[in-house]
Amino acid sequence: MIEFQAVTKRFDDGTVAVDELNLTVDPGRITVFVGPSGCGKTTSLRMINRMIDATSGAILVDGKDVRQSDPPLLRRGIGYVIQQAGLFPHRTVLDNVATVPVLAGWSRAKARKRAAELLETVGLPATMAGRYPAQLSGGQQQRVGVARALAVDPPVLLMDEPFSAVDPVVREDLQNELLRLQGELDKTIVFVTHDIDEAIKLGDKVAVFRTGGILAQYDKPSELLARPADDFVSNFVGRDRGYRALGFLTASGLTVGEIASVQLGDTAGDARRKLSDGWIVVVDERRHPCGWLSADRLSGVDENATVDADLVMSGGSLYDTEHGSLRSALDSALSSPSAHGVAVNGGGELVGSITADEVLRALAAARTSGEVPQ
Amino acid sequence: MNLLTSWLFDPANWSGSTGVPARLVEHLWYTALALVIAVVIGFPLGAMVGHTKRGGFVLVGAANVLRALPTVGVLTLVVLLAGIGLIPPIAALTLLAIPPIMAGAYAGIGAVEPVVVDAARGVGMTEREILFQVEIPNAMPLIFGGVRSAALQVVATATIAAYVGLGGFGRYVFDGLALHDYPQMAGGAILVAVLAVLVELVLTGVQRLVVSPGLRPVRTSGGIQR
Amino acid sequence: MTWVFDHLGLLGDLTVTHVYLSVLPVVIGLIIAIPLGWAASRWRPARAILLTVSGLLYTIPSLALIVILPALISTKTLDPVNVIITLTVYTIALLVRSIADALSSVPPTIVAAATAIGYRPLKRFVGVEFPLAIPVVVAGLRVAMVSNISLVSVGALIGIAGYGQLFTNGFQLQFVTEIVTGIVATLVLALIADLVLQLIGRLVTPWTRVGR
Ligand SMILES: Nc1ncnc2c1ncn2[C@@H]1O[C@H](COP(=O)(O)OP(=O)(O)OP(=O)(O)O)[C@@H](O)[C@H]1O
Ligand SMILES: [Mg+2]
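Residues numbered from 1 in each chain as written. Chains lettered and ligands numbered in written order. Predicted model: local features only at pLDDT ≥ 70, side-chain atom pairs only at ≥ 80, totals over all residues. Heavy atoms only, no water.

### Looking at the arrangement of the chains
At step 1: A comparison of contact numbers over the two pairs of chains in contact places chains B and C at the top.
At step 2: Considering only C-alpha positions, the minimal separation of the non-contacting chain A and chain C is 21 Å. (Contact = heavy atoms within 4.5 Å.)

### Observations regarding the interface of chain C and chain B
At step 1: Taken together, the contact pairs 36 residues of chain C with 38 residues of chain B.
At step 2: On the chain C side of the contact with chain B, C:Thr59, C:Leu157 and C:Phe171 bury the most area, a combined 21% of that side's loss.
At step 3: Taken together, the links from chain C to chain B amount to three residue pairs in polar contact (both at pLDDT 80 or more).
At step 4: Contributions of two or more residues to the side of chain C that touches chain B are made by helix H3 (44-59), helix H4 (62-73), helix H7 (121-155), helix H8 (164-173) and helix H9 (176-204) of chain C.
At step 5: Here the side of chain C that touches chain B is built from residues that sort into 24 nonpolar, 11 polar and one charged. (Buried area = accessible area lost by both parts, 1.4 Å probe. Polar contact = N/O pair within 3.5 Å; in protein donor to acceptor, adjacent residues only side chain to side chain. Helix = DSSP H or I, 4+ residues; strand = E, 2+ residues; numbered from the N terminus. Nonpolar A, V, L, I, M, F, W, Y, C, P; charged D, E, K, R; others polar.)

### Looking at the nonpolar core
At step 1: In this structure, B:Leu93 and C:Ile158 are the most contacted members of the largest nonpolar core, which totals 77 residues.
At step 2: When residues in this core are grouped by element, the largest group, 12 residues, is from helix H9 (residues 182-210) of chain B.
At step 3: Apart from residues no more than four positions distant in its own chain, B:Leu93 is found in contact with B:Tyr30, B:Ala34, B:Val154, B:Thr157, B:Ala158 and B:Ile160.
At step 4: Formed by 46 residues, the second largest nonpolar core is a distinct cluster that contains A:Leu124, A:Leu150, A:Ala151 and A:Ile196. (Core = buried A, V, L, I, M, F, W, Y, C linked by side-chain atoms within 4.5 Å. Buried < 20%, exposed > 50% of the residue type's maximum accessible area, 1.4 Å probe, protein only.)

### Observations regarding the layout of surface pockets
Residues and elements named next belong to chain A.
At step 1: For the second largest pocket, the calculated volume is near 700 Å³.
At step 2: Going through the elements one at a time, helix H6 (168-185), helix H7 (196-202) and helix H13 (326-335) are the ones with two or more residues in the lining of the second largest pocket.
At step 3: In terms of residues, the lining of the second largest pocket owes the most to one element, H6, which gives six residues.
At step 4: Partitioning the lining of the second largest pocket into residue classes produces five nonpolar, seven polar and eight charged. (1 Å grid on protein atoms, 1.4 Å probe; cavity = no way out; pocket = protein on both sides within 12 Å on 5 of 7 lines; lining within 4 Å. Points joined across faces, edges and corners; volume = space filled by probe spheres on them.)

### A word on the packing of helix H5 (residues 87-110) of chain B against helix H7 (residues 127-157) of chain B
Between two packed helices, what matters for the description is the angle formed by their axes and the separation of those axes.
Residues and elements named next belong to chain B.
At step 1: One way to put it is that H5 packs onto H7 with a least axis distance of 7 Å and a crossing angle of 155°. When the interaxial angle is binned, H5 and H7 end up roughly antiparallel. In terms of crossing hand, the pair formed by H5 and H7 is right-handed.
At step 2: Per-class residue counts for the contact of H5 with H7 are 16 nonpolar, six polar and one charged. (Axes fitted to C-alpha atoms, helices over the stretch in contact; angles between N-to-C directions. Parallel < 35°, antiparallel > 145°, perpendicular 65-115°, else oblique. Left-handed = near helix turned anticlockwise from the far one by under 90°.)

### Regarding the packing of aromatic side chains
At step 1: The full count for this structure, using the stated rule, is 14 aromatic pairs over all chains.
At step 2: Ring geometry for A:Phe232 against A:Phe236: centres 6.2 Å apart, planes inclined by 15°, an arrangement best described as stacked. Of the two residues, A:Phe232 and A:Phe236 are both situated in helix H9 (residues 231-237); the distance of four residues between them amounts to about one turn of the helix.
At step 3: Members of the aromatic cluster, connected to one another through ring pairs, are C:Trp38, C:Trp43, C:Phe125 and C:Phe130.
At step 4: Between the NZ or CZ atom of A:Arg148 and the centre of the ring of A:Phe88, over which it lies, the distance is 4.7 Å.
At step 5: The positively charged end of A:Lys205 is found above the aromatic ring belonging to A:Tyr218, 4.5 Å away from the centroid. (Phe/Tyr/Trp six-rings, centres within 6.5 Å; stacked < 30°, edge-to-face > 60°. Lys NZ or Arg CZ within 6 Å of the ring centre and 35° of its normal.)

Pasting the structure below:
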């Protein structure tokens, strides 16, 4: 879909930002460019829509050399999302999103109708359509930026650190949202970040650049973690890559153990009688876990007192038996106050417990079966 | 106080070809003409330099020299070179109006956030579309500020047209001076002052209309700080 | 050129008058504008009143004010005092806003730090807040200076002395050289005044030029 053929970019001042880049971006997938600051990620990305022209080599989009297209026309067919969103301050949210359709010659009414649909697609309430960018939070602005890029349904989306200016919680939201959208839209996305975790989370494939615009490794995230090509990549990927690699292992072989539970509204006496190893999980009426109670916590509480939200101690992360990875299973065990991870089914209902030992056992089994490199 | 108002409130001075309404039309005509010419010359220059980010140094230097140029000197020089007529005062007033208009356009367009321009280019706008649809609307507060300041200076200075034989409110000032008729002089001066204040008020209103609400300072729920 | 050399005495006199009429108002204006700007930066009602009044004064054409002033303060019609007062009013109107804005934009942390190390308000103003506002004040002074220099020439039309007399006189005698001399002299004076102000600005704010 997008092909870099021996692409080099040398700026007027002699800086070589990208050096002989050869790389093929898979259609319908998310490809992430990652690397230290100044390694040429942005330059590589911007050469695709000719915001920057390559010094030598060729870039093909859909088999056609980008240099044969008129830059504005080329860009209208490629969505582009940047760090601070770059929304037009003088236009409402709706008109920002309608920009490209109007440029492409749609009537204003039709463009606005399309824009309104897109705001919904990216999870913004319709009431925000009439606001100006200055009246939105950073995360909302980014959503508008994504909506604007999607407006004429371009097959290709270029995103340059779109989520790096928002706080970690919002960033996680936006990442999940992007993955959800991509599940529906199947765009060819090139995503630039300097955050290796983001790269591994989002990328179907990840290209690690080293300074000087040299491609160090181009692989699936699991491969990158398991078999870094050299010291630079393994350093860049980070110390706890072994742990993060667990994120790519399904937890299908894992045995879920028994777990003691009590429902909100039951009495403290019930809870005390059912304690197992001094701990018990509290669930609500839908059997969704709300936290833990311990023998310590219950000591001194009246036998007939009801178990309510105030009494419950907050728990660790939950492990989803249907979609979770070994990493999330291990994390649930490590983050739980009782050392037992809480396992739930796809619907969020309590199904049992997980211990770290059990995760390690499953990991060992995966190694022997060759699923994990030794 | 009578010195200031006796001429002004005499009905005899409010009619005929030398009356206040006729002089007002002349005054506004010189002002409008000079402003339009100055916009036609100054705005494209400022906009181009602001858009391309090239030649800013030359432009600012030129604006500063023009600003320091004595308007009366230009006026009298052009009269000696081109003769009495509309040209000398209009030339002098245009040169007066160009620097603020040019500087406003340059500063306004140059100050549009680079990410916004980058995004405009990225979504596929041509350079022309970037200039007209993004840079100019975003620069409107400063562009309009320049035009407004030019308009005020020109209204105030259009009195000089009367010095070289034309009309406008300046007529009363110079005729009063020649005739030792202070009330007439003062009447002319007050008329110019009132006109300047009115022009300022009207332009403030117009500015509201041409500047996008998205560019107004955001009102925070807690009110203004400090 | 020979005309210029024959009239060096006249040019010298006009220069002195022009400089005096345009510089004095800047000096007086600055002295008055500092406390006003400070008041406007401290108290909201003062700010509203001072900024509205100075905006209005700034709008009134100088030539008009020079003409009206004698009736208001009973000076003689051609008294240079009218010019000095008018231009002083302009300088104040221009500087109050920029001084107020500059003082309001001094980071609150710096003011707090100065207070914490024991500065009293007046000393803090002189020692900390005003120095940080100097670059903005100098920018305002440069604008006031250049416009005063050109406004003094306008005064020649109603008989005020200065380079403007070269224009009115040259006009009456149809003598181009005299007018051109006046234009060049005005430009040179404006340039020198601007350079002097820039230089003073740099000398009193050495910290703005050290590497960051
Ligand atoms: N217009 C330019 N002129 C000269 N050098 C440039 C220009 N743009 C970028 N460079 C240089 O090219 C190199 C690559 O820059 P690029 O912006 O692609 O880096 P990046 O990987 O996106 O970094 P970051 O993570 O900091 O955004 C850097 O050394 C940069 O200084
Ligand atoms: Mg970058």
